[in-house]
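Chain by chain, the residues run as shown.
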Amino acid sequence: MKNLVSMKDLSVEQIMAILTQAQAFRDGESSNLTKKYTMTNLFFEPSTRTKTSFEMAERKLQLDVLPFETGFSSTLKGETLYDTVKSLESIGVDAVVIRHEQNNFFDELIDKVKPVIINGGDGTGNHPTQSLLDLLTIQQEFGTLENKVISIVGDIAHSRVARSNADALIKLGAKVNFVCPPEWQGEFNTVNNIDEVIESSDVMMMLRVQHERHDGKTSFSKESYHADYGLTIEREKRMKDSAIIMHPGPFNRNVEIASELIECNRSRIFKQIENGVYIRMAVIEMILKGRE
Amino acid sequence: MKNLVSMKDLSVEQIMAILTQAQAFRDGESSNLTKKYTMTNLFFEPSTRTKTSFEMAERKLQLDVLPFETGFSSTLKGETLYDTVKSLESIGVDAVVIRHEQNNFFDELIDKVKPVIINGGDGTGNHPTQSLLDLLTIQQEFGTLENKVISIVGDIAHSRVARSNADALIKLGAKVNFVCPPEWQGEFNTVNNIDEVIESSDVMMMLRVQHERHDGKTSFSKESYHADYGLTIEREKRMKDSAIIMHPGPFNRNVEIASELIECNRSRIFKQIENGVYIRMAVIEMILKGRE
Amino acid sequence: MKNLVSMKDLSVEQIMAILTQAQAFRDGESSNLTKKYTMTNLFFEPSTRTKTSFEMAERKLQLDVLPFETGFSSTLKGETLYDTVKSLESIGVDAVVIRHEQNNFFDELIDKVKPVIINGGDGTGNHPTQSLLDLLTIQQEFGTLENKVISIVGDIAHSRVARSNADALIKLGAKVNFVCPPEWQGEFNTVNNIDEVIESSDVMMMLRVQHERHDGKTSFSKESYHADYGLTIEREKRMKDSAIIMHPGPFNRNVEIASELIECNRSRIFKQIENGVYIRMAVIEMILKGRE
């Protein structure tokens, strides 16, 4: 693993190795890096938890982190992403995390620049560290992914979380349902009725309604979305005893999920965020060690 | 002391303990923390000196500081402050400093999230570390607050500095005059004539005219405000020999204070800023130690 | 050297000492500072490579770096640059790097504030660390500046790079041609035809067309500028065997330089960026040591 841009590039063995190392970090292991590295986080789209999670992971690994304000950089003067990253390479940056609104932004970088490229989210494409932290959370819960039924509910077509998770979950033996309104189905085979899957799912993975990615043409009512596709208080009661609730955040309370369920017993939402730090430590360390 | 959101929560003993510890830091004492902590500064309103002062205090205490660009975070996607802080808790943040335009923003956080909450300024409400640094500056000057006459002049109704200081100064035995135009008086008992207090005050504490908090309806002339309520060169000459000038900054030169007085012999304006770093070190250390 | 704001302030001996120290850092020497210092970088104009380069240099020197978001500071409340820097002085900042749109912004600071002032670019005025890294790059190539022919091509009138380099190059014995369209010539003696200098130059230093500094009144065609003043693939073939290409970045591909030449054998563009880190380390260390 020389970079991490898509879950498709990872074998089952690589995924399991990352989960194992992340769990080791969670259990208290500290960094095994012997050299000093410098990283930069280039977030061209707003982010709280992913960016802060990477910042924390980098500090826990004792890396130097150069600040980079994307809203105040030479991209404003028309500089290409390639030229920006190539400049950071010359400055001595060893690895960059990039979130960018353009799908597959990394195609112009991989094998063309020296710094490690870690995808922090590309348009509606991939979000591999989110997918890995989801896998870790499910594995912690059930010990395995094998034969677990995961229902991903929401804006499937626009969700990089759905896309990243689809491959990985199936690769690891889980069964995946996609649930969404017909107009958000994209290239996926989906179920249009959440009530068909609520009782049989081990994991209800609710996605954020991404108001900012829609064109505003269609009429959208929070109340009717909540009634039709949301995890309501009523639906939660019909879930299997052992089933859990997940959400990548940030959430719209009372849209895709009832506000009262965010911190209920079944919710692993904040545990997902905890796991994110350890997953990112594992990914960064494994890639940098591979280059030592 | 588990958090610091308002001066009202502090006893006289607690205030004196903070001042004593701040003075010890000023005299060269270094951090007594034995564990490693991570902090984040969430400034939802512009700030130079308060934010930079906290950043410096945190580094002097050898804490890890996660950067957080509020203008580029998930609050843009509608995330609540509670959800943001709860996410930072999961990421492993031990304490947050928050400045927010909403009065009492902390009500939705205190006793509901694990990280320490330190108020860096809430709307027109509180600004406790500013108040503490003001107290330290006065104490350094006169050895005591007892019976000192402090005249706070300016935009009393909109000033969190006035509000924070009112309680604390009186609690510590000082006599406080509020001086302002009738329309800025708010719930305070005020004097409308600065010339009534100029000769009897030990401290002239000038407040910034906050152009950005006014509605622009009223005609406001810098020249006439300076003449009527400003600390002019003429008025400075009538102050008691031992009296000092304070201002929380940033200042409007030649509006609330004559430009030439900013660095005059009586001015403690930049000493206030120096003290701010030590006050913040003391507050952060005392709260974190209390949790060890 | 107590500050660095313009190349005009540096003697030939001082320039050579900086280049020597920068080369030593490049060859692996580490910081010789014995005290702990705190720096802040105030960039009031967008920047990628200069800001990140300073951030890297400061970390390599093991300095503490306070973050400062200029777009979210008290300058929004009308605070002057002097008052901002004076406040940072009180907070304990030892040195500031400033980029500002106003020419000679440093006139209100030098000898009036304690922190070291390093100019990171002032309006259309100076950019001394860029000039120094250019000198180092040329010296590495040819061993000396003496009698080398440097052709600076582009937006001479608006370029702080041209202005900073003019003095320094001539002081060190180089011969400088300025090449530009008549309307961009400013106070310089210029050649209007790039083909007059292409075969005799040791260095072709191409400047960025600064679309953001022009008033948009004149019609400007990228294609005709490239044909008339750009370093085209055809022109590169007519350069001397030993001649090199430089550019301060960020570049407009296929405007001032053909995209294919950015990473060609003659190009020292990314080496310039590498050198920038070492130059900035040398400048910061020499000034801070001078104050110890």
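This text goes with the structure placed above it.
Each value, and the rule that gives it
Residues numbered from 1 in each chain as written. Chains lettered and ligands numbered in written order. Predicted model: local features only at pLDDT ≥ 70, side-chain atom pairs only at ≥ 80, totals over all residues. Heavy atoms only, no water. Pairing = 2+ DSSP bridges. Helix = DSSP H or I, 4+ residues; strand = E, 2+ residues; numbered from the N terminus. Axes fitted to C-alpha atoms, helices over the stretch in contact; angles between N-to-C directions. Contact = heavy atoms within 4.5 Å. Buried area = accessible area lost by both parts, 1.4 Å probe. Salt bridge = Lys/Arg side-chain N within 4 Å of Asp/Glu carboxyl O. Polar contact = N/O pair within 3.5 Å; in protein donor to acceptor, adjacent residues only side chain to side chain. Nonpolar A, V, L, I, M, F, W, Y, C, P; charged D, E, K, R; others polar. Least-squares fit on C-alpha atoms with pLDDT ≥ 70 in both. Buried < 20%, exposed > 50% of the residue type's maximum accessible area, 1.4 Å probe, protein only. Core = buried A, V, L, I, M, F, W, Y, C linked by side-chain atoms within 4.5 Å. Left-handed = near helix turned anticlockwise from the far one by under 90°. Parallel < 35°, antiparallel > 145°, perpendicular 65-115°, else oblique.

Draft legend 1. Molecular detail of the sheet that holds strand 1 (residues 38–43) of chain B. Residues and elements named next belong to chain B. The strand order 2-1-3-4 describes an open sheet built from 4 strands, whose pairing is parallel. Each edge of the open sheet is held by one strand with a lone partner, namely strand 2 (64–66) and strand 4 (116–122). Averaged over all neighbouring strand pairs, the angle between strand axes comes to 20°, with direction disregarded. Most of the contacts of helix 8 (residues 269–291) go to strand 4, to which it runs at about 155°, and overall it touches strand 1, strand 3 (95–100) and strand 4.

Draft legend 2. Fine view of the interface of chain A and chain C. Counting residues at the interface gives 24 residues for chain A and 28 residues for chain C. Roughly 2200 Å² is buried in total at the junction of chain A and chain C, and carbon and sulfur atoms are behind 58% of that figure. Scanning the region where chain A abuts chain C turns up 3 salt bridges. Residue A:Asp83 pairs with C:Arg253 through a salt bridge whose shortest N-O separation is 2.5 Å. At the boundary of chain A and chain C, one finds 6 residue pairs in polar contact (both at pLDDT 80 or more). Among the elements of the structure, strand 2 (64–66) and helix 3 (81–91) of chain A are those that each provide at least two residues to the side of chain A that touches chain C. The dominant element in the side of chain A that touches chain C, judged by the number of residues it contributes, is helix 3 of chain A, at 8 residues. The residue makeup of the side of chain A that touches chain C, split by class, is 10 nonpolar, 8 polar and 6 charged.

Draft legend 3. Looking closely at the relation of the copies chain A and chain C. Its rotation angle being 120°, the transformation that places chain A on chain C also includes 0.0 Å of axial translation and leaves an RMSD of 0.0 Å. Between the two chains, the operation in question is that of a three-fold axis. In this assembly, only 8% of the residues forming the interface of chain A have copies in chain C that are likewise at the interface, indicating a heterologous arrangement.

Draft legend 4. Inspection of the pattern of salt bridges at higher detail. Applying the stated criterion to the full structure yields 45 salt bridges over all chains. B:Arg26 is paired through a salt bridge with B:Glu274; the nearest N and O atoms lie 2.7 Å apart. Separated by 248 residues along the polypeptide, B:Arg26 in helix 1 (residues 12–26) and B:Glu274 in helix 8 bring together distant segments of the chain. Each of the salt bridges in this network shares a partner with another, and the network as a whole consists of A:Asp195, A:Glu199, A:Glu234, A:Arg235 and A:Arg238.

Draft legend 5. Region of the structure containing the interface of chain B and chain A. Between chain B and chain A, the contact holds 24 residues from the first and 28 residues from the second. For the pair chain B and chain A, the summed buried surface comes to about 2200 Å²; carbon and sulfur atoms form 58% of the total. When residues of chain B are sorted by the area they lose upon contact with chain A, B:Phe72, B:Lys77 and B:Ile91 head the list and together hold 32% of the total. Its salt-bridge partner being B:Lys86, residue A:Glu263 comes within 3.7 Å of it at the nearest N-O pair. Where chain B packs against chain A, one counts 6 residue pairs in polar contact (both at pLDDT 80 or more). Mapped by element, the contributors of at least two residues to the side of chain B that touches chain A are strand 2 and helix 3 (81–91) of chain B. Its residues placed into classes, the side of chain B that touches chain A shows 10 nonpolar, 8 polar and 6 charged.

Draft legend 6. Summary view of the environment of A:Glu79. All names here are of chain A. Relative to the elements of secondary structure, glutamate 79 occurs in the loop between strand 2 and helix 3. Its relative accessible area of 7% is what places glutamate 79 among the buried residues. Taking C-alpha positions, glutamate 79 is 18 Å from valine 97, a pair spaced 18 residues apart along the chain.

Draft legend 7. Examining the sheet that holds strand 5 (residues 149–153) of chain C more closely. Residues and elements named next belong to chain C. Strand order in the open sheet formed by 4 strands is 6-5-7-8, with parallel pairing between adjacent strands. Two strands close off the open sheet at either side, each with one partner strand: strand 6 (175–179) and strand 8 (244–246). Neighbour-to-neighbour, the strand axes of this sheet turn through a mean angle of 20°, independent of strand direction. Across 4 bridges, the pairing between strand 5 and strand 7 (residues 203–206) is parallel. Its bridge partner lying in strand 7, isoleucine 152 is registered against methionine 205.

Draft legend 8. Broad picture of the nonpolar core. Residues and elements named next belong to chain C. Counting 100 residues, the largest nonpolar core has Leu132, Leu135 and Ile152 as the members making the most contacts within it. Top element by residues in this core is helix 8 (residues 269–291). It accounts for 12 residues. Among residues more than four places away in sequence, those in contact with leucine 132 are Leu4, Met7, Leu10, Ile15, Ile18, Leu19, Ile279 and Val283.

Draft legend 9. Region of the structure containing the packing of helix 4 (residues 128–142) of chain C against helix 8 of chain C. Residues and elements named next belong to chain C. Here helix 4 crosses helix 8 at 115°, and the two axes come no closer than 8 Å. In the packing of helix 4 onto helix 8, the handedness of the crossing is right-handed. Of the residues in helix 8, those touching helix 4 at Thr129, Gln130, Leu132, Leu133, Asp134, Leu136, Thr137 and Gln140 are Lys271, Gln272, Asn275, Gly276, Ile279, Arg280 and Val283.

Draft legend 10. Focus on the packing of helix 2 (residues 49–60) of chain C against helix 8 of chain C. All names here are of chain C. Relative to each other, helix 2 and helix 8 sit at 55°, their axes nearing to 8 Å. The angle between the axes of helix 2 and helix 8 places the two elements in the oblique class. Crossing of helix 2 against helix 8: the hand is right-handed. From helix 2, Arg49, Thr50, Ser53, Phe54, Met56, Ala57, Glu58 and Lys60 reach across to helix 8, where they touch Ile273, Gly276, Val277, Tyr278, Arg280, Met281 and Ile284. A class-by-class count of the residues in the contact of helix 2 with helix 8 yields 8 nonpolar, 3 polar and 4 charged.

Draft legend 11. Spatial organisation of the relation of the copies chain B and chain A. Overlaying chain B on chain A yields an RMSD of 0.0 Å, the required transformation being a rotation through 120° with an accompanying axial translation of 0.0 Å. Both copies present different contact surfaces, since only 8% of the interface residues of chain B are interface residues in chain A too.

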